[in-house]
Amino acid sequence: MPQIVHTEGESNTSEARKAWLKKSIGPKSSPLLKRDADVFLHQSLSSPCVSTIAKAEGIWIEDLDGRRYMDFHGNSVHHIGYGHPRLVQAIKDQLDDLPFAPRRFTNDPAVELAEKLVAITPGDLGKVLFTTGGSDANEVALKIARAATGRFKTLSFWDAFHGAGFGAASIGGEATFRSHIAGPLLPGTEHVAPFHPSRCPYGHTTLEASAEACANMINYVLEREGDICAVVAEAMRAVPIVPPPGFWKRVREICDRHGALLILDEIPTGLGKTGQMFSFQHDEIVPDIVTIGKSLGGGILPIAACIARENLDVCGDFAIGHYTHEKNPVTARAALTTLQIIEDEGLVERSAKLGEYAIGRLMDALQNVPVVGDIRGRGLMFGVEIVEDRTSKTPGNARAERIYYACLEAGLSFKISQGCVLTLSPPLTISQAELDQAIDIVIAAIKDGN
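A brief report on the enclosed structure follows.

Helices and strands together make up the secondary structure of the protein, namely 13 helices and 15 strands. Computed over its C-alpha atoms, the radius of gyration of the protein comes to 21 Å, within 12% of the 22 Å expected for a compact globule of 450 residues. Each of the three principal axes of the protein carries a C-alpha extent, and together these read 60 × 60 × 45 Å. Partitioning the contacts of the protein with sequence separation of at least 6, the portion at a separation of at least 24 is 71%. Counting every atom, the protein has about 19100 Å² of accessible surface; 53% of that belongs to carbon and sulfur. Of the charged side chains in the protein, 44 are positive and 55 negative; the average position of the first set lies 4 Å away from that of the second.

Structure (structure tokens):
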């Protein structure tokens with residue numbers, strides 16, 4: 001079987017990972033890592049693991065040996081930080097009040113959460129279904145689009161991630177999740193190349209020109225196929241790549257003209273991460289369906305949601321979710337409390353302010369460093385692209401991996417995206433002092449590894 005090149009996340013089988021484990025893992029962590037590797041099925045990016053975790057509080061995680069890391073990844077669940085006291089108490093109280101509800105019986109926390117989501121979501125996105133994970137939320141969205149349009153084909157982007165289920169992997173565009181053993185995938189899942197600021201698949205040299213070519217290709221495919229039910233995309237690619245002004249307005253118009261729905265995946269970017277409650281609000285459009293998850297459970301419990309326009313409530317005779325924990329009052333209470341914390345603590349506005357500050361600091365310090373190809377992001381989801389040189393924009397994958405382990409050694413954890421993008425996504429509750437500390441680590445590691 002051909003070797004798959006994994007571009008999302010640092011490789012857990014590389015020589016650099018082996019060197020890290022040998023050099024940096026303490027005597028208490030090492031035995032647990034071995035037990036983990038012995039008992040869990042191995043898979044790319046997660047098993048074997050990079051370290052252990054014994055505590056998680058605020059922006060910090062700590063291993064069994066007492067080594068602490070600022071977590072600038074967190075699988076995008078920790079918008080309000082780990083173990084927020086108000087959330088922990090709300091979950092405890094709900095366990096005492098009502099610990100479970102079979103899905104055929106409604107309960108107040110579940111209904112209140114649905115009402116809250118409808119209230120904070122723009123436009124006529126007024127109908128909700130809960131799932132236990134984002135992948136499932138995207139599959140619910142696909143079923144709604146099929147039912148509403150009478151079509152089954154979709155159009156999405158290469159390199160995108162929408163989940164690991166067969167439907168979500170089919171519309172996704174990463175080889176890690178859709179190649180070799182994953183097939184055969186769903187029929188009719190068409191793809192186009194995404195826009196990119198420096199390595200445009202369409203041959204352009206600016207983000208704006210790349211995005212225009214991408215929109216033209218979306219129009220071409222929808223016109224040529226004639227029976228696409230939905231365009232499915234990440235509102236802002238979490239690698240991160242920010243869509244230029246006007247891109248989503250153009251795609252919205254294209255979808256409307258060809259009778260296709262627009263489904264936007266906000267699972268990593270929603271609920272304030274980019275400085276708006278939803279990333280698509282930056283682009284002044286409203287999708288037909290939006291999916292959210294990850295941070296919705298407050299970094300404690302798993303819950304996701306599919307939110308659709310009211311006129312898309314067309315599946316009443318079918319089971320499009322039917323999840324055992326669909327209206328679980330404890331997960332619903334966790335999500336509702338998380339939303340209240342985000343609002344009460346002004347975390348959306350805080351994300352916008354601190355994100356602008358962080359990107360500004362990185363640009364000031366790294367603008368003349370030859371291996372820095374780009375610095376980009378929105379709110380508290382931002383990244384530094386590492387290249388071999390700025391002229392060719394050749395990805396500096398090996399260099400990015402070295403920088404990653406240098407940062408880890410200094411107490412900062414994050415994710416590598418697209419093989420060479422240091423992707424930084426801290427909790428929205430981070431203090432400016434903590435943010436400065438992390439940025440100092442990144443700047444020093446990049447300059448030392450130059």
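A few words on the environment of Thr-337. With respect to the secondary-structure elements, Thr-337 resides in helix α10 (residues 329-344). Its relative accessible area of 4% is what places Thr-337 among the buried residues. Between the C-alpha atom of Thr-337 and that of Thr-274, which follows or precedes it by 63 residues, the distance is 20 Å. Here Thr-337 is in contact with Arg-86, Leu-87 and Ala-90, once residues within four sequence places are set aside.

Attention now goes to the packing of helix α1 (residues 15-24) against helix α12 (residues 397-409). Across the interface, α1 lies against α12 with an axial gap of 11 Å and an inter-helix angle of 20 degrees. Considering their axes alone, α1 and α12 lie roughly parallel with respect to each other. Once α1 is placed against α12, the crossing between them reads as right-handed. Counting all contacts with α1, which are made through Ala-16, Arg-17, Trp-20, Lys-23 and Ser-24, the residues of α12 involved are Glu-401, Tyr-405, Leu-408 and Glu-409. By residue class, the composition of the contact of α1 with α12 is four nonpolar, one polar and four charged.

So, on to the packing of helix α3 (residues 85-97) against α10. Axes are the key here: two packed helices are described by the angle between their axes and the distance separating the axes. Relative to each other, α3 and α10 sit at 150 degrees, their axes nearing to 9 Å. Classified by the angle their axes make, α3 and α10 are roughly antiparallel. Crossing of α3 against α10: the hand is right-handed. Between α3 and α10, the residues in contact are Arg-86, Leu-87, Ala-90, Ile-91, Gln-94 and Leu-95 and Pro-329, Val-330, Arg-333, Ala-334, Thr-337, Thr-338, Gln-340, Ile-341 and Asp-344, respectively.

Our next topic: the sheet that holds strand β3 (residues 68-71). With mixed pairing, four strands are arranged side by side in an open sheet as β1-β2-β3-β13. Every interior strand has two partners, whereas the edge strands, β1 (55-57) and β13 (412-413), have only one. Looking at chain direction, β1 and strand β2 (residues 60-62) are connected through three bridges and run antiparallel. Its bridge partner being in β2, Glu-57 is matched across the sheet by Trp-60. Each of β2, β3 and β13 is contacted by helix α13 (residues 432-448), which is oriented at about 100 degrees to β3, the strand it contacts most.

Any two side chains of opposite charge can pair if their charged atoms end up close together. Per the stated rule, a full pass over the model turns up 22 salt bridges. A salt bridge links Glu-385 to Arg-199, with the nearest nitrogen and oxygen atoms 2.7 Å apart. Of the two residues, Glu-385 is situated in strand β12 (residues 381-386) and Arg-199 in the loop between β6 (189-192) and α8 (207-225); the sequence distance between them amounts to 186 residues. Taking the shortest distance from any N to any O, the salt bridge between Asp-374 and Arg-376 comes out at 2.9 Å. Arg-376 gets classed as buried once you look at its relative accessible area, which sits at 8%.

Attention shifts here to α12. With 13 residues, α12 extends 19 Å from end C-alpha to end C-alpha; this agrees with the ideal 18 Å at 1.5 Å per step. The set of residues buried in α12 consists of Arg-399, Ala-400, Glu-401, Ile-403, Tyr-404, Tyr-405, Cys-407 and Leu-408. Among the residues trailing α12, Gly-411 stands out with phi positive, at a value near 100 degrees.

Turning to its location among the elements, Asp-265 is positioned in strand β8 (residues 261-265). No salt bridge is formed by the buried Asp-265, whose closest oppositely charged neighbour, Lys-294, lies at an N-O distance of 8.5 Å. Polar contacts involving the side chain of Asp-265 include one to the main-chain amide nitrogen of Ile-267, which spans 2.9 Å.

A few words now on the packing of aromatic side chains. Using the criterion set out here, one finds seven aromatic pairs in the structure. Ring geometry for Phe-161 and Phe-177: centres 4.7 Å apart, planes at 50 degrees, overall tilted. Pair noted here: Phe-161 is in the loop between β5 (153-157) and α6 (166-171) and Phe-177 is in helix α7 (residues 175-178), with a separation of 16 residues, a long-range link. Exposure remark for Phe-177: the relative accessible area of 27% places this residue in the partly exposed category. With a centroid separation of 4.9 Å and 70 degrees between ring planes, the pair formed by Phe-247 and Trp-248 is classed as edge-to-face. One exposure class covers both Phe-247 and Trp-248, and it is buried. By way of ring pairs, the aromatic residues Trp-20, Tyr-404, Tyr-405 and Phe-414 are connected into one cluster. The ring centre of Trp-60 lies 4.2 Å from the NZ or CZ of Arg-68, which sits over that ring.

Now for unusual backbone geometry. Note that the residue after Val-239, namely Pro-240, is joined by a cis bond; omega there is -20 degrees. Summarising the element assignment, Pro-240 is placed in the loop between β7 (228-234) and α9 (247-258). Even without being a glycine, Leu-271 presents a positive backbone phi close to 65 degrees. Tracing the backbone shows Leu-271 in the loop between β8 and β9 (289-292). Judged by relative accessible area, Leu-271 falls into the buried class, the value being 1%.

Turning next to the nonpolar core. Counting 102 residues, the largest nonpolar core has Leu-117, Ile-218, Phe-247 and Ile-446 as the members making the most contacts within it. Sequence-distant contacts of Ile-446, that is, excluding residues within four places in its chain, are made with Leu-366, Val-369, Val-371, Val-372, Val-384, Ile-386, Ile-403 and Leu-422. Judged by nonpolar contacts, the second largest core, of 19 residues, contains Val-140, Ile-171, Cys-229 and Leu-261.

Cut-offs applied
Sequence order sets the numbering: in each chain, residues are counted from 1 along the sequence as written. The predicted nature of this model means local features are confined to residues of pLDDT at least 70 and side-chain atom pairs, given and counted, to a pLDDT of 80 or more, with totals for whole chains, interfaces and linings taken over all residues. By convention in this description, side-chain values take in all heavy atoms of the structure and omit both hydrogens and water. Here a strand is any run of E in DSSP of at least two residues, a helix any run of H or I of at least four, and the numbering for each starts at the N terminus. For this measure, only C-alpha atoms enter the radius of gyration; the expected value for a globule follows 2.2 Å times N^0.38, where N is the number of residues. Residue contacts are defined here by distance: any two heavy atoms, one from each residue, within 4.5 Å place the two residues in contact. Note on areas: these come from Shrake-Rupley sampling with a 1.4 Å probe, and a residue is covered only by the protein chains present in the view. For the purpose of counting charges, residues Lys and Arg are taken to be positive, whereas Asp and Glu are taken to be negative. His and the chain ends are not included. Charge coordinates come from a single atom per side chain, which is NZ of Lys, CZ of Arg, CG of Asp or CD of Glu. Each residue gets one of three labels from its accessible area relative to the maximum for its type: buried under 20%, exposed over 50%, partly exposed in between, using a 1.4 Å probe on protein chains only. Geometry is summarised by axes, namely lines fitted to C-alpha atoms with helices restricted to the contacting stretch, and by angles between N-to-C directions that run from 0 to 180 degrees. Any angle that is under 35 degrees is reported as roughly parallel, and any over 145 degrees as roughly antiparallel; angles of 65 to 115 degrees are reported as roughly perpendicular and all others as oblique. Two helices that cross are described as forming a left-handed crossing if the nearer one is turned anticlockwise from the farther one by less than a right angle, and a right-handed crossing if clockwise. Residue classes follow a fixed rule: Ala, Val, Leu, Ile, Met, Phe, Trp, Tyr, Cys and Pro count as nonpolar, while Asp, Glu, Lys and Arg count as charged, and any other residue, Gly among them, counts as polar. In this analysis, strands are considered paired if DSSP registers two or more bridges between them. Within this document, salt bridges are pairs made up of a side-chain nitrogen of Lys or Arg and a carboxyl oxygen of Asp or Glu, the two lying within 4 Å of each other. Any helix carries an expected span of 1.5 Å times its number of residues minus one. Pairs of N or O atoms within 3.5 Å make up the polar contacts considered here, provided that, within protein, one atom can donate a hydrogen while the other can accept it, and that residues adjacent in sequence are counted only when both atoms are side-chain atoms. Ring pairs shown here join Phe, Tyr and Trp side chains whose ring centres sit within 6.5 Å, with only the six-membered ring taken for Trp; geometry is labelled stacked below 30 degrees between planes, edge-to-face above 60, and tilted in between. Over a ring means this: the NZ of a Lys or the CZ of an Arg is within 6 Å of the ring centre and within 35 degrees of the ring normal. The set of buried Ala, Val, Leu, Ile, Met, Phe, Trp, Tyr and Cys residues whose side-chain atoms join them within 4.5 Å is what this entry labels a nonpolar core.

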